[in-house]
Protein chains: 2
Amino acid sequence: MKRILAFSLLLGCSLVLSAQQALGPGTGLISPEINPDHSVTFRYQNPKAITVQVTGDFLPTRPIEIDLGDRKMVYDAPGIADLQEGPGGIWTYTSAPLKGELYSYSLLVDGKKVMDPSNIYQIRDVATWTNVFTLSAEPGDLGWYYEVQNVPHGSVSHVWYNSPTLSSQRRLTIYTPAGYEDSLDRYPVLYLLHGSGGDEDAWTDLGRTAQIMDNLIAQGYAKPMIVVMPNGVWFNQAAPGAAVNMFQPTMTNSRSQSTIEVENSFPDIMDFVEKHFRVAKGYSNTAVAGLSMGGRQSCMLSMHYPRKFGYVGLFSGVAVPEGNEEALAAVFAAKPKLYWIGCGKADGVMVNSKKLKEYCDKMGYPVTLYESEGGHIWRNWRIYLTIFAQYLFQDFEPGSRALAAVQDLEQEEF
Amino acid sequence: MKRILAFSLLLGCSLVLSAQQALGPGTGLISPEINPDHSVTFRYQNPKAITVQVTGDFLPTRPIEIDLGDRKMVYDAPGIADLQEGPGGIWTYTSAPLKGELYSYSLLVDGKKVMDPSNIYQIRDVATWTNVFTLSAEPGDLGWYYEVQNVPHGSVSHVWYNSPTLSSQRRLTIYTPAGYEDSLDRYPVLYLLHGSGGDEDAWTDLGRTAQIMDNLIAQGYAKPMIVVMPNGVWFNQAAPGAAVNMFQPTMTNSRSQSTIEVENSFPDIMDFVEKHFRVAKGYSNTAVAGLSMGGRQSCMLSMHYPRKFGYVGLFSGVAVPEGNEEALAAVFAAKPKLYWIGCGKADGVMVNSKKLKEYCDKMGYPVTLYESEGGHIWRNWRIYLTIFAQYLFQDFEPGSRALAAVQDLEQEEF
């Protein structure tokens, strides 16, 4: 026993010594473990802990009541489940069987958040890191789209462009589809905008854009396209770690601060992309979409440049029709191929999404409103991208395979 | 007070609600805070904790004795310092003033590792995440090179290539210098290899390659060059998150498993790069360097292809001369512009580094051995890259500004 302990210590130390600046080795535990029935087991070792819990979006939400003094508010918080302690201070919990998805979670040890040390997969959302895992219950489910499949892969590049309008160098992320480098073709472009507190890496990191596009294109469900993901916070040059100063991102970059600057400077982005990439230019080859703040920006951009974007996607973010009647008239006078709104039924943005949809219906402007379950969350934005991307740059034949795929996804119960 | 609490709760919840899938808001604490004297203050709130400590490479190492049964071994573990509890359960610790560097640390709460929730900056090394921060005490110090400066920035792209030799698609990371997109020039290439347990993202994430190259090039201390960072674990297609399967990286990919496959398949990488990027081909425009396992791979590659690499950098990783006498003769018959070994004085690899150096000296092969402080750690590999890159693809005039910069860095006490 003593020898085993010494060996373990030595193994741990030799890892530290021989390998790099890591402050400790792995835990030796498997967590999370995806079981054959698609339930998931979490494991964490800590003999001193009094309670160990897991909280994440794979659990049913739990309503919590907040006392605001003069009134009370109910908030749907992520669920919490208790791990049970076993031999060796190893705590475990097994979930119910789960559907294919990308899930986020954190551990709570005596009530304090701890990253699962057995799981290297983590994603940052604004200023919060969480562990993540993907699960695919069957080929073609949502989790399958978010995982790397054995298909041809596109490239993801982080490039800098000059913005004369904002007097700064700025960073953007660009996806070019598999085959781009070996082709002489020009490709249509989707400009894809992040939300408040996000940056040019949000759509690839949290949104799994490269995987979704690779998989949709490989299946023949989406046209090969370039996806441009700029930084939509006009006063930030780049994401944390790529920017001068080690800033902490916050949600304070409000709508009013960002939108006008984004509209005015957007041609700088398009000029750069059209100059440096083999882009099929023009209305019917150009789409804009975004989530939350980026949805509102997309809505404003389409009104500001009504002849630029033949496809518009507003994911949980819109502008209201009031005051924009003329601009909307110009948008629809250009006859967009698709004007698509996606919003969660529990999302506060649904009120304005419906307001815009009803106004457009009244005016005879063709607008699709896709209502999904849940609220203002990345889960929905990944779904919206997976659906929206299939509509882009193609005219569907009735009964076509690709159209059927969109409809299946829209009808799936999430 | 109650109202303040309710407001805080609401603020927290509204962040969760309005923003994205984050499971919690920021902490409201600043940690780490870099003080005017370049000391650093760490803060962490937890009224229930009995002890809170910080461990990291900014602290003096602490020798720990390991009992192996038949013998004992001393290991220089990262230092540990105690945070002191203050009002509101906020624990603090302030370090001594620090030199410009990139530092890694973790918190220990009642002895268990916890990520600093106030610091979004984290880097993964093999299977371990740690918090990081950079500090620049004066322009031109090491920390300055590792930070993003207000200089022209190169691009970092993650691309896939086909390896007929390994019968797989594989991912590599490529840095192209500022101006590459707008130029018609051809650029020299540095192939830069990671260590055991690493992947094609290690040199950009832990090694700060893009920042080092941007800053050296902007200063005129390095020639504009392309840096190609492949995945040197032949049986992995890509880094975790970009690969099929959510694997946990380990250190088990030993030398013998990797090296021959890497040597045989390396032309697949060079063919891809030379076909898809504007590369200045040939011996005097091509460098190879790597750390640890990648150092040994670089050594083997230079022997396998003695007329390919005019510059060779072996960072804490070499092959021994025994059995390689003929291959080494061929390497030096081609008259490399630079054959540079970097190794830490406390590194176990120093024995073999000296063995190679002494053999080359005896044979009259010109080899530089640069000995730095410390051991087998990323701190040294960033330093080696910062020095090595300045020598590449240029002949120094005696007394030149660039040469002086290299010499300053080599003579600095770290």
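Further up the page is the structure itself.
Residues numbered from 1 in each chain as written. Chains lettered and ligands numbered in written order. Predicted model: local features only at pLDDT ≥ 70, side-chain atom pairs only at ≥ 80, totals over all residues. Heavy atoms only, no water.

1. What to know about the interface of chain B and chain A
Phase 1 of the analysis: With 95 residues of chain B at the contact, the number on the chain A side is 96 residues.
Phase 2 of the analysis: The junction of chain B with chain A conceals about 7,400 Å² of combined surface from both sides, 59% of it contributed by carbon and sulfur atoms.
Phase 3 of the analysis: Counting across the chain B and chain A interface gives two salt bridges.
Phase 4 of the analysis: For the salt bridge of Asp-182 of chain A with Lys-275 of chain B, the shortest nitrogen-to-oxygen distance reads 3.5 Å. (Contact = heavy atoms within 4.5 Å. Buried area = accessible area lost by both parts, 1.4 Å probe. Salt bridge = Lys/Arg side-chain N within 4 Å of Asp/Glu carboxyl O.)

2. Looking at the packing of helix α4 (residues 209–219) of chain B against helix α9 (residues 378–391) of chain B
Geometrically, a packed helix pair is captured by the angle between its two axes and the distance between the axes.
Residue and element names in this part refer to chain B.
Phase 1 of the analysis: Their axes nearest at 10 Å, the elements α4 and α9 cross at an angle of 35°. The way α4 lies across α9 gives a crossing that is right-handed. Contact residues: Thr-209, Ile-212, Met-213 and Leu-216 in α4; Arg-382, Leu-385, Thr-386, Ala-389 and Gln-390 in α9.
Phase 2 of the analysis: The residue makeup of the contact of α4 with α9, split by class, is five nonpolar, three polar and one charged. (Axes fitted to C-alpha atoms, helices over the stretch in contact; angles between N-to-C directions. Helix = DSSP H or I, 4+ residues; strand = E, 2+ residues; numbered from the N terminus. Left-handed = near helix turned anticlockwise from the far one by under 90°. Nonpolar A, V, L, I, M, F, W, Y, C, P; charged D, E, K, R; others polar.)

3. Section: the packing of aromatic side chains
Phase 1 of the analysis: One pass over the full model with this rule turns up 53 aromatic pairs over all chains.
Phase 2 of the analysis: Grouping aromatic residues by their ring pairs yields a cluster made of Trp-203, Phe-315, Trp-340, Tyr-370, Trp-378, Trp-381, Tyr-384 and Phe-388 of chain A.
Phase 3 of the analysis: Its guanidinium or amino end placed over the ring of Tyr-180 of chain B, Arg-278 of chain B lies 4.3 Å from that ring's centre, counting from NZ or CZ. (Phe/Tyr/Trp six-rings, centres within 6.5 Å; stacked < 30°, edge-to-face > 60°. Lys NZ or Arg CZ within 6 Å of the ring centre and 35° of its normal.)

4. Considering the relation of the copies chain B and chain A
Copy one and copy two of the chain differ by a rotation about an axis and a translation along that axis.
Phase 1 of the analysis: Between the two copies, chain B and chain A, the superposition gives an RMSD of 0.1 Å; the rotation angle is 180° and the shift along the axis is 0.0 Å. Between the two chains, the operation in question is that of a two-fold axis. Every residue of chain B has its C-alpha some distance from the rotation axis, and the shortest such distance is that of Ser-157 of chain B, at 2.0 Å. (Least-squares fit on C-alpha atoms with pLDDT ≥ 70 in both.)

5. A short note on the sheet that holds strand β8 (residues 90–94) of chain B
Residue and element names in this part refer to chain B.
Phase 1 of the analysis: What the four strands build is an open sheet, ordered β1-β2-β8-β7; its pairing is antiparallel. In the strand order of this sheet, the two ends are held by β1 (33–34) and β7 (84–85), each with one partner.
Phase 2 of the analysis: The pairing of β1 with strand β2 (residues 40–45) spans two bridges and is classified as antiparallel. Each bridged residue has a counterpart across the sheet, and for Ile-34 the counterpart in β2 is Val-40. (Pairing = 2+ DSSP bridges.)

6. Here we look at the pairing of strand β19 (residues 338–344) of chain A
Residue and element names in this part refer to chain A.
Phase 1 of the analysis: The buried fraction of β19 amounts to seven of the seven residues, a majority that puts the element mostly inside the structure.
Phase 2 of the analysis: The alternating pattern of β19 places Leu-338, Trp-340, Gly-342 and Gly-344 and Tyr-339, Ile-341 and Cys-343 on opposite faces, both of which are buried.
Phase 3 of the analysis: Handedness of the strand β18 (residues 311–315)-helix α7 (residues 325–333)-β19 crossover: right-handed.
Phase 4 of the analysis: With five bridges joining them, β19 and strand β20 (residues 368–372) adopt parallel strand pairing. Bridge assignment links Ile-341 to a residue of β20, and that residue is Leu-369.
Phase 5 of the analysis: Since β19 and β20 lie parallel, the crossover through helix α8 (residues 350–363) that links them has a hand, and here it is right-handed. (Buried < 20%, exposed > 50% of the residue type's maximum accessible area, 1.4 Å probe, protein only. Right-handed = clockwise from strand over helix to strand, strands pointing away.)

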